Amino acid sequence: ETGVTQSPTHLIKTRGQQVTLRCSSQSGHNTVSWYQQALGQGPQFIFQYYREEENGRGNFPPRFSGLQFPNYSSELNVNALELDDSALYLCASSFDISYGYTFGSGTRLTVV
Amino acid sequence: DAKTTQPPSMDCAEGRAANLPCNHSTISGNEYVYWYRQIHSQGPQYIIHGLKNNETNEMASLIITEDRKSSTLILPHATLRDTAVYYCIVRATSGTYKYIFGTGTRLKVLA
């Protein structure tokens, strides 16, 4: 059984740079969500894609953007990185929008 | 804003039942309660979910009060590998179906 795979596992970027994080959803899953988890906090919803369309967004600025591809893999892009963007970024996929989510292990982003 | 309130930490002796409470007093009639756990900054792992009836699976039991304003996750025989942060989540059943996480309970199972 394939799970949710995220890459890279760790990343260090400089303030002002741009970053792309990638997620390979579990086989057969058409829904993907991205979450940001700051140290010591619970994950915060960034946005969700369902069948390649964004269908929900949390309280994050437009410099956070995403894509879902026809094979249902996904990207999270963050422009103009700020120090507060340092966090664990989690991707979660679901068989369909109303089903429970399977989470990946995350990408640890450090902005210096 | 989080819709759940959990104690920040709990200890449990190995082999004993761990009872983790959660308050969700503003839960709506169409919202489910989900429980996930997160071990040492790995991705959250699904445990169980329910709407209004008590639920049991191979990992845990979920007890939801009749008014649905609170619930308890029960790990019947805690082991050291159950040491983790446990999140109680309220989830809508329409729209984005997004998860709203709180800050969780850090459970430490003691040998």
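Refer to the preceding data block for the structure.
Residues numbered from 1 in each chain as written. Chains lettered and ligands numbered in written order. Predicted model: local features only at pLDDT ≥ 70, side-chain atom pairs only at ≥ 80, totals over all residues. Heavy atoms only, no water.

Peer 1: Explanation requested: the overall build of chain B in the structure shown.
Peer 2: Within chain B, the secondary structure is distributed over 0 helices and 10 strands. Each helix (α) and strand (β) of chain B, taken in turn from the N terminus, gives the series β-β-β-β-β-β-β-β-β-β. Its C-alpha atoms give chain B a radius of gyration of 13 Å, near enough to 13 Å, the size a compact globule of 111 residues would have. With respect to the three principal axes, the spread of C-alpha positions in chain B is 45 × 30 × 25 Å. Expressed as a percentage of its 111 residues, the buried residues of chain B come to 43%. Sequence-distant contacts, at least 24 apart, represent 55% of the contacts inside chain B between residues at least 6 apart. When the accessible surface of chain B is split by element, carbon and sulfur atoms take 48% of a total near 5,700 Å². (Helix = DSSP H or I, 4+ residues; strand = E, 2+ residues; numbered from the N terminus. Rg over C-alpha atoms; globule rule 2.2 N^0.38 Å. Buried < 20%, exposed > 50% of the residue type's maximum accessible area, 1.4 Å probe, protein only. Contact = heavy atoms within 4.5 Å. Areas by Shrake-Rupley, 256 points an atom, 1.4 Å probe, with all protein chains shown as cover.)

Peer 1: Looking at this structure, I do not really get the pattern of salt bridges. What am I missing?
Peer 2: When their charged atoms lie close together, side chains carrying opposite charge are able to pair. All names here are of chain A. The full count for this structure, using the stated rule, is 6 salt bridges over all chains. Glu 82 is the salt-bridge partner of Arg 63, the closest N and O atoms lying 3.3 Å from each other. Of this pair, Arg 63 sits in the loop between strand 6 (53–57) and strand 7 (64–68) while Glu 82 sits in the loop between strand 8 (74–78) and strand 9 (87–94), placing them 19 residues apart in sequence. With a relative accessible area of 16%, Arg 63 lands in the buried category. Residues Arg 63 and Asp 85 are paired through a salt bridge, measuring 2.8 Å at the closest nitrogen-oxygen approach. Of this pair, Arg 63 sits in the loop between strand 6 and strand 7 while Asp 85 sits in the loop between strand 8 and strand 9, and the two are 22 residues apart along the sequence. Of the two residues examined, Arg 63 and Asp 85, each falls in the buried class. Several salt bridges share partner residues, and in doing so they unite Arg 63, Glu 82 and Asp 85 into one network. (Salt bridge = Lys/Arg side-chain N within 4 Å of Asp/Glu carboxyl O.)

Peer 1: Teacher, can you tell me more about the layout of surface pockets here?
Peer 2: Empty space left among the atoms is revealed by rolling a probe the size of a water molecule over them. All names here are of chain B. By volume, the largest pocket is sized at about 350 Å³. Gln 38, Ser 41, Val 85, Tyr 87 and Arg 106 are, among the 22 residues lining the largest pocket, the residues nearest its centre. For the lining of the largest pocket, the secondary-structure elements that each account for two or more residues are strand 8 (84–91) and strand 10 (105–110). For the lining of the largest pocket, a count of residues per class yields 9 nonpolar, 10 polar and 3 charged. (1 Å grid on protein atoms, 1.4 Å probe; cavity = no way out; pocket = protein on both sides within 12 Å on 5 of 7 lines; lining within 4 Å. Points joined across faces, edges and corners; volume = space filled by probe spheres on them. Nonpolar A, V, L, I, M, F, W, Y, C, P; charged D, E, K, R; others polar.)

Peer 1: What am I meant to see in the sheet that holds strand 2 (residues 18–23) of chain B here?
Peer 2: By definition, the strands of a sheet pair up through backbone hydrogen bonds, in either a parallel or an antiparallel sense. All names here are of chain B. Read from one edge of the open sheet, 4 strands run 2-7-6-5, paired in antiparallel fashion. Looking along the sheet, the strands with just one partner apiece sit at the ends: strand 2 and strand 5 (55–56). In terms of strand pairing, strand 5 meets strand 6 (residues 61–64) through 2 bridges, oriented antiparallel. Within the sheet, the bridge partner assigned to Glu 55 lies in strand 6 and is Leu 62. (Pairing = 2+ DSSP bridges.)

Peer 1: How do you make sense of the nonpolar core when you look at a structure like this?
Peer 2: Taken as a class, soluble globular proteins show a tendency for nonpolar side chains to be buried jointly. With 21 residues, the main nonpolar core has B:Trp35, B:Leu73, B:Tyr86 and B:Leu107 as its most contacted residues. Looking at this core, the elements that each hand over two or more residues are strand 2, strand 3 (32–38), strand 4 (45–50), strand 6, strand 7 (70–75), strand 8 and strand 10 of chain B. Sort the elements by how many residues they give to this core and strand 8 of chain B lands first, with 4 residues. Apart from residues lying up to four places away in sequence, B:Leu107 is in contact with B:Met10, B:Asp11, B:Cys12, B:Ala18, B:Leu20, B:Leu75, B:Asp82, B:Thr83, B:Ala84 and B:Tyr86. Within the second largest apolar cluster, 19 residues are counted, among which are A:Val32, A:Ile46, A:Ala87 and A:Cys91. (Core = buried A, V, L, I, M, F, W, Y, C linked by side-chain atoms within 4.5 Å.)

Peer 1: Would you mind going over the pairing of strand 3 (residues 19–24) of chain A with me for this structure?
Peer 2: Residue and element names in this part refer to chain A. Alignment of strand 1 (residues 5–7) against strand 3, held across 3 bridges, turns out to be antiparallel. Bridge pairing in strand 3 places Gln 6 opposite Cys 23. In terms of strand pairing, strand 3 meets strand 8 through 5 bridges, oriented antiparallel. Paired with Cys 23 across the bridge in strand 8 is Ser 74.

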